[in-house]
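The residues making up each chain are set out below.
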Amino acid sequence: MSSRIDLSGVGQVFHVRNDQSKQMEKFVALADVDLTVAPGEFLTIVGPSGCGKSTVLDLISGLSTPALGTVSIDGTPVTEPGLDRGVVFQQYTLLPWRTAQGNVELALEAAGVRRDERRRTAAEFLDLVGLSDFANRYPHELSGGMKQRVAIARSLSYQPEVLLMDEPFGALDAQTRERLQEELLGIWRRTGTTVVFITHDIDEAVFLGQRVAVMSARPGRIRDLVEIDLDRTAAADVDVRSTPEFARYRHEIWTLLRQANKSAQDPADHHLEEVERVA
């Protein structure tokens, strides 16, 4: 199963302490964000540092609520975290005293799944990420890539309709990262889950995404949406990353990001004033 995600007129403000005055000030993170993610779509999001990419993910996950606008899943407003959404962070967040199998079962325990079904389901999803032979290993016995695959298996084990990923491969070496990108695409095709994937890496965004959402500099908005049409099912000896089409998409997004980095907040922006007033 998969779900549709809608963000409409979303603005977000945080209250932060000024280092010099020590007074609390309003920090406008997002303004006028409109975004729809179709059921079963793989959407990647890129943008300048501090533009609010992770804030968008927090809003969809229900970890925070917007100051303005609405976030909904299949038309139902998001007000809190739920088992219809799985989240994978850059840090593996595995419990060191549990095996890979035990870490995957953890999410199923929270969902109230019976022990025998937990074991069967956890084994099924460890097999999905290629870790059946490592089910009884503890996190310190696994490589970084293996730990992240356990985290992905755990997030998929209770079969969420949406998978939210916040730079999950950012701490991995280049080879492991590329291999996990390919494996993630395979998992996505088999499960049909709606995926929203945050990354700083343009190549990763182009390789994974059916569309790439490019965000502006703070306050973050969806500046552009780039449709990606690449044949990722080509013969194994053809790396899509080396094709002229891939290079063209990469250059297009790189250009958009350069423009986004140069953009500045307009102090007369009516919507920003509205976000600050509502907050």
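Look a little higher up for the structure.
Keep in mind the model is a prediction, meaning the values are calculated, not measured. (Residues numbered from 1 in each chain as written. Predicted model: local features only at pLDDT ≥ 70, side-chain atom pairs only at ≥ 80, totals over all residues. Heavy atoms only, no water.)

Enquirer: Tell me about the overall build of the protein, and please be specific about residues and values.
Expert: For the protein, the helix and strand inventory stands at eight helices and 10 strands. The proportion of buried residues among the 279 residues of the protein is 49%. Partitioning the intrachain contacts of the protein with sequence separation of at least 6 by distance along the chain shows that 71% fall at a separation of at least 24. Accessible surface, the protein: about 13500 Å² in total, of which carbon and sulfur atoms supply 47%. (Helix = DSSP H or I, 4+ residues; strand = E, 2+ residues; numbered from the N terminus. Buried < 20%, exposed > 50% of the residue type's maximum accessible area, 1.4 Å probe, protein only. Contact = heavy atoms within 4.5 Å. Areas by Shrake-Rupley, 256 points an atom, 1.4 Å probe, with all protein chains shown as cover.)

Enquirer: Residues and numbers for the sheet that holds strand β7 (residues 162–166), please.
Expert: An order of β6-β7-β8-β3-β9-β10 is seen for the six strands of this open sheet, with the pairing classed as mixed. The outermost strands of the open sheet, each flanked by one partner alone, are β6 (85–88) and β10 (222–227). Each strand axis lies, on average, 20° off the axis of its neighbour in the sheet, ignoring direction. Contacting β3 (42–46), β7 and β8 (194–198), helix α5 (residues 174–191) crosses the sheet at an angle of about 140° to β3. Across the sheet, helix α7 (residues 244–262) touches β3, β9 (211–215) and β10, and the angle it forms with β10 is around 175°. (Pairing = 2+ DSSP bridges. Axes fitted to C-alpha atoms, helices over the stretch in contact; angles between N-to-C directions.)

Enquirer: Break down the pairing of β10 for me, with residues and values.
Expert: Here β9 pairs with β10 via five bridges, running antiparallel. From the neighbouring strand, Val-214 faces β10, where its bridge partner is Asp-224. Between the end of β9 and the start of β10, which pair antiparallel, lie six residues.

Enquirer: Describe in detail the packing of aromatic side chains, supporting the description with residues and values.
Expert: In this structure the tally under the stated criterion is three aromatic pairs. Taken together, a centroid distance of 5.6 Å and an interplanar angle of 85° make the contact between Phe-42 and Trp-188 edge-to-face. Of the two residues, Phe-42 is situated in strand β3 and Trp-188 in helix α5; the sequence distance between them amounts to 146 residues. Neither residue differs from the other here; Phe-42 and Trp-188 are each classed as buried. With a centroid separation of 5.8 Å and 55° between ring planes, the pair formed by Phe-169 and Phe-197 is classed as tilted. In this pair, Phe-169 sits in the loop between β7 and α5 while Phe-197 sits in strand β8, placing the two residues 28 residues apart along the sequence. (Phe/Tyr/Trp six-rings, centres within 6.5 Å; stacked < 30°, edge-to-face > 60°.)

Enquirer: Before we move on, can you summarise the side chain of Ser-155 with the specific residues and values?
Expert: Its location among the elements puts Ser-155 in helix α4 (residues 144–157). Among the polar contacts made by the side chain of Ser-155, one reaches the main-chain carbonyl oxygen of Val-87 at a distance of 3.0 Å. Ser-155 has contacts with Gly-86, Val-87, Val-88, Pro-160 and Leu-163, leaving out every residue within four places of it along the chain. (Polar contact = N/O pair within 3.5 Å; in protein donor to acceptor, adjacent residues only side chain to side chain.)

Enquirer: Quick rundown of the packing of α4 against α5? Include the residues and the values.
Expert: It is at 11 Å that the axes of α4 and α5 come closest, and there the two elements cross at 20°. Between α4 and α5, the angle falls in the class roughly parallel. The crossing of α4 and α5 is right-handed. Contacts from Gly-145, Gln-148, Arg-149 and Leu-156 of α4 reach α5 at Thr-176, Leu-180, Glu-183 and Ile-187. (Parallel < 35°, antiparallel > 145°, perpendicular 65-115°, else oblique. Left-handed = near helix turned anticlockwise from the far one by under 90°.)

Enquirer: With reference to specific residues and values, describe the side chain of Ser-72.
Expert: Relative to the assigned elements, Ser-72 resides in strand β4 (residues 68–73). Aside from chain neighbours lying at most four places away, what touches Ser-72 is Arg-4, Ile-5, Asp-6, Pro-77 and Val-78.

Enquirer: Any details on the environment of Ala-122? Residues and values, ideally.
Expert: Looking at where Ala-122 falls in the secondary structure, it is placed in helix α3 (residues 115–128). With relative accessibility at 0%, the residue Ala-122 sits in the buried group. Separated by 35 residues in sequence, Ala-122 and Ser-157 have C-alpha atoms that sit 6.4 Å apart.

Enquirer: Break down α3 for me, citing the residues and quoting the values.
Expert: For α3, built from 14 residues, the straight-helix expectation of 20 Å at 1.5 Å per residue is met to within 8% by its first-to-last C-alpha distance of 20 Å. Buried within α3 we find Arg-118, Thr-121, Ala-122, Phe-125 and Leu-126. The arc that holds the buried residues of α3, viewed along the axis, is 135°, so those residues lie on one side. Each element contacted by the buried residues of α3 is listed here: α2 (100–110) and α4. Gly-130 sits one or two positions beyond α3 and adopts a positive phi of about 75°. (Expected span 1.5 Å × (residues − 1). Arc of directions from axis to C-beta.)

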